[in-house]
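Residues per chain are reported as follows:
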Amino acid sequence: MTQNKHEGVVAAVNDPAFQPRSEFLDAIDCEDYRLMIAGENYNAMVPELLEGRLRMKRLCRKYNDTLGDPEDLGLEKLADKRRELLGQMLGKCDLTQVDIEPPVMFDYGGNIFLGDGVYMNYNTTILDCAPVYIGDRTMFGPNVSVYTAGHPIEAGPRLAGTEWAKPIRIGKECWIGGNAVITPGVTIGDRVVVAAGAVVTKDVPNDCVVGGVPAKRYMLVKLSDALYRRLALNPFGDRNFATKLHALEAYDSLKERDQRTFNYLHPPFPSIITMAAAAPPKSNWADEVEDDNALPAPEITISEDGKTKTIVEYKINEAGKKVKITRRIKMTLVKEHVNAAVADRKSWTKFGAEKGKKAGPDHSTTTVGENIYLKLSVGSKAKQVQEDDEKQSEQHLKEQLKDKTVACRICKGNHFTARCPYKDTLGSLDEAGPSGAGTPGEPEEPAANARGTYVPVHLRAGARTTGETMRGPGRGDRDELATLRITSLSEEATEDDLREIFKRFNGISRVFVARDRETGQGKGFAFVSFYDRDEAQRAMEKINGMPYDHQILKVEFAQPKK
């Protein structure tokens, strides 16, 4: 049904080699397309042709993107991807036998028909407004351009979009040099060499070399290998060279062509697509071993009784000679108690590269270290021991005091002597005289020597009852409310740092930095005590908000404990 639908297209060309793909014709078949491939004037701006050229530009861009990073795809995937795209771009051909290097640019693509072994180098441009036929084993150099399209010479029709196109045929086993241009309607025979930069405007017969602008025929390609190489070096520089060449050809009778020349003209063009199936698997560099000065692998043998292991190794000494080293190791069986799960794991069947080998570690590939046992506990061991000792001491003290009661030495009350309400007015009852009575109005003198016990100073005869100060003369009593609390300190701050900050203020009595007991690092706050509250107030006003060690100090009066 599809063939009948496009029967007029094939009839317009009247060439059995013209075999476009049906999906291509479904998208582009119109009256102007049939005029185009028939060689008549047509309008290139009709929607069907515009859409056909836009479709090919998208496919060419996808094909050219495969040039990006072949390592990401691999040889086989890259060949499959290019083959898939070429199947949508070209007319019917054997996609496994062609190799087209990206980037490329085609006009429609469906009018291009390639033979087996065709190779196109980079930047090939084919304007296939008319059919383009390229024979087997033909090679294109870089930047080859094939133009089938032409325009009217008159400006009016040309500006109106009128075009015409003529088919191009290139024979088999041709070599089209780099930057060569093939113009509309040209037919090139078999085994033709087109020199680099040539512009071919006329038909070229078989077996010849053409070059120049416009291209001219210089000689027939029936040369020995040596002459062919000389021709490649200077094909157009010496006019007499061609005359000498023909004379030499007649001398050799041209009956036997040099086999190397035949191979040169009939190369087995390997392409990335044809190489994909035959490419060997990529080897790993780690598996490659150099054969030069390679040393034999170590030999390990174990005696029949299993008690002696012999290891034979080879190495190169300082003199550059290969020497043999033999070591004998006495093996001793050591038994140990291990966890049941560990013993079971050692008996598991090996898999992967070690599959089939005996259970247990292989000493040739595995180094067995010393077992390290981990015992988990909460907190540090020293702290745990200290807590246990404290608990034992507390328990021992409770056992000693469980049958005893607290009795005051002054009033014999059920409280501690230090908390006795009569400690400032009464003496100890244990130290009183035998009668227990004294002269009214006179304090009884404690009998310090009666029983040999110590009498505190404030309870002796004539002593004050409140105790005396130990600060020395002129110091005065310390104000307990003159203590400043400093926060936003760094962990590295020390007492000396605080003394340096507060040294301009008088009457500092004490500096304390709060630290962690275990780590010794500061907790971020400290206390500075003054003898005078007014001096502390002045220090707080000056130091509060001062920057220190990337911090902003905050200073305030410490709150007394309730």
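Whatever comes next refers back to the structure up there.
Residues numbered from 1 in each chain as written. Predicted model: local features only at pLDDT ≥ 70, side-chain atom pairs only at ≥ 80, totals over all residues. Heavy atoms only, no water.

K.L.:
Teacher, can you tell me more about the overall build of the protein chain here?
P.N.:
Scanning the protein chain for helices and strands turns up 16 helices and 28 strands. Taken across its 562 residues, the protein chain has 31% of its residues classed as buried. Here the contacts in the protein chain between residues at least 6 apart in sequence split such that 39% fall between residues at least 24 apart. Only carbon and sulfur atoms are counted for the fraction: they give 51% of the accessible area of the protein chain, which is about 38300 Å². (Helix = DSSP H or I, 4+ residues; strand = E, 2+ residues; numbered from the N terminus. Buried < 20%, exposed > 50% of the residue type's maximum accessible area, 1.4 Å probe, protein only. Contact = heavy atoms within 4.5 Å. Areas by Shrake-Rupley, 256 points an atom, 1.4 Å probe, with all protein chains shown as cover.)

K.L.:
It is not clear to me how a positive patch on the surface should be interpreted in this structure. Could you clarify?
P.N.:
Together, Arg58, Arg61, Lys62 and Lys81 make up a region of like positive charge exposed at the surface. With three residues, helix 5 (residues 47-65) is the single largest residue contributor to the positive patch. Mapping Lys81 onto the fold places it in helix 7 (residues 75-89). Residue classification places Lys81 among the partly exposed residues on the basis of a relative accessible area of 37%. (Patch = residues over 30% accessible without salt bridge, like charges linked within 9 Å, V, L, I, M, F, W, Y side chains within 5 Å. Salt bridge = Lys/Arg side-chain N within 4 Å of Asp/Glu carboxyl O. Lys, Arg positive; Asp, Glu negative; His and termini not counted. Charge placed at Lys NZ, Arg CZ, Asp CG, Glu CD.)

K.L.:
Is there a simple way to explain unusual backbone geometry in this structure?
P.N.:
Both trends apply: most residues other than glycine have a negative phi, and most peptide bonds are in trans. Cis geometry is found at the peptide bond from Pro102 to Pro103, where omega equals 5 degrees. With respect to the helices and strands, Pro103 occurs in the loop between strand 2 (99-100) and strand 3 (104-106). Geometrically, the link from Val213 to Pro214 is a cis peptide bond, its omega value of -10 degrees lying close to zero. Checked against the element boundaries, Pro214 lands in the loop between strand 18 (208-211) and strand 19 (216-220). A positive phi angle is found at Glu173, which is not glycine, with a value near 60 degrees. Tracing the chain through its elements places Glu173 in the loop between strand 12 (168-170) and strand 13 (175-176). Residue Glu173 is classed as buried on the basis of its relative accessible area, which comes to 7%.

K.L.:
Sorry, what's going on with the side chain of Asp107 here?
P.N.:
Secondary-structure assignment places Asp107 in the loop between strand 3 and strand 4 (112-114). In this structure Asp107 is buried but unpaired, with Arg53 as the nearest side chain of opposite charge at 4.9 Å.

K.L.:
Would you mind showing me how to read the packing of aromatic side chains here?
P.N.:
For any pair of aromatic rings, geometry is given as the distance between the ring centres together with the angle between the planes. Scanning the model with the defined rule gives four aromatic pairs in all. Arranged with centres 5.6 Å apart and planes meeting at 20 degrees, the rings of Phe113 and Tyr133 form a pair that is stacked. On the criterion of sequence distance, the pair formed by Phe113 in strand 4 and Tyr133 in strand 7 (residues 132-134) is long-range, its members being 20 residues apart. Here Phe113 matches Tyr133 in class, with each residue buried. Relative to Phe527, the ring of Phe525 lies with its centre 6.0 Å away and its plane at 85 degrees, an arrangement referred to as edge-to-face. The exposure class of Phe525 is partly exposed, given its relative accessible area of 23%. An aromatic cluster is built from Phe502, Phe505 and Phe530, whose rings are joined through pairwise contacts. A cation sits over an aromatic face here: Arg485 above Phe525, 5.0 Å from the ring centre. It is Arg533 that lies over the ring of Phe557; its NZ or CZ is 4.1 Å from the centre. (Phe/Tyr/Trp six-rings, centres within 6.5 Å; stacked < 30°, edge-to-face > 60°. Lys NZ or Arg CZ within 6 Å of the ring centre and 35° of its normal.)

K.L.:
Explanation requested: the nonpolar core in the structure shown.
P.N.:
The tendency in soluble globular proteins is for nonpolar side chains to be buried side by side. The biggest cluster of nonpolar side chains holds 39 residues, and the ones touching the most others in it are Met89, Leu90, Phe106, Leu114, Ile176, Ile188 and Val194. Only helix 5, helix 7, strand 3, strand 4, strand 7, strand 12 and strand 18 provide two or more residues apiece to this core. Ranked by residues supplied to this core, first place goes to helix 5 with four residues. Ignoring sequence-local partners within four residues, the contact set of Ile188 consists of Arg169, Ile170, Gly171, Cys174, Ile176, Ile182, Val194, Val200 and Val204. Within the second largest apolar cluster, 21 residues are counted, among which are Leu489, Ile501, Phe505 and Ala539. (Core = buried A, V, L, I, M, F, W, Y, C linked by side-chain atoms within 4.5 Å.)

K.L.:
What should I look at first to understand the environment of Phe512 in this one?
P.N.:
Following the sequence through the fold, Phe512 ends up in strand 24 (residues 508-515). Note on Phe512: relative accessible area 39%, which makes it partly exposed. Along the chain, Phe512 and Leu498 lie 14 residues apart, while their C-alpha atoms are 8.9 Å from each other. Among residues more than four places away in sequence, those in contact with Phe512 are Ala526 and Phe527.

K.L.:
So what exactly am I meant to see when it comes to the packing of helix 5 against helix 7 here?
P.N.:
Between two packed helices, the angle of one axis relative to the other and the distance separating the axes together describe the packing. Viewed as axis vectors pointing N to C, helix 5 and helix 7 meet at an angle of 165 degrees, and their least axial separation amounts to 10 Å. Considering the angle they form, helix 5 stands roughly antiparallel to helix 7. For the pair helix 5 and helix 7, the sense of crossing is left-handed. The segment helix 5 lies against helix 7, with Arg55, Met56, Leu59, Cys60, Lys62 and Tyr63 engaging Arg82, Leu85, Leu86, Gln88 and Met89. Considering only residue class, the contact of helix 5 with helix 7 consists of seven nonpolar, one polar and three charged. (Axes fitted to C-alpha atoms, helices over the stretch in contact; angles between N-to-C directions. Parallel < 35°, antiparallel > 145°, perpendicular 65-115°, else oblique. Left-handed = near helix turned anticlockwise from the far one by under 90°. Nonpolar A, V, L, I, M, F, W, Y, C, P; charged D, E, K, R; others polar.)

K.L.:
Where do I start with the sheet that holds strand 20 (residues 299-302) in this structure?
P.N.:
Strand-to-strand pairing in sheets goes through backbone hydrogen bonds, with the strands running parallel or antiparallel. Judged by pairing direction, the sheet is antiparallel, and its three strands sit side by side in the order 20-21-22 without closing on themselves. This sheet does not close on itself; its edge strands, each paired only once, are strand 20 and strand 22 (322-330). The average angle at which neighbouring strand axes cross in this sheet is 15 degrees, direction not considered. In this sheet, strand 22 lies alongside strand 21 (residues 308-316) in antiparallel orientation, the contact comprising nine bridges. Note that in strand 22 the partner of Lys315 across the bridge is Val323. (Pairing = 2+ DSSP bridges.)

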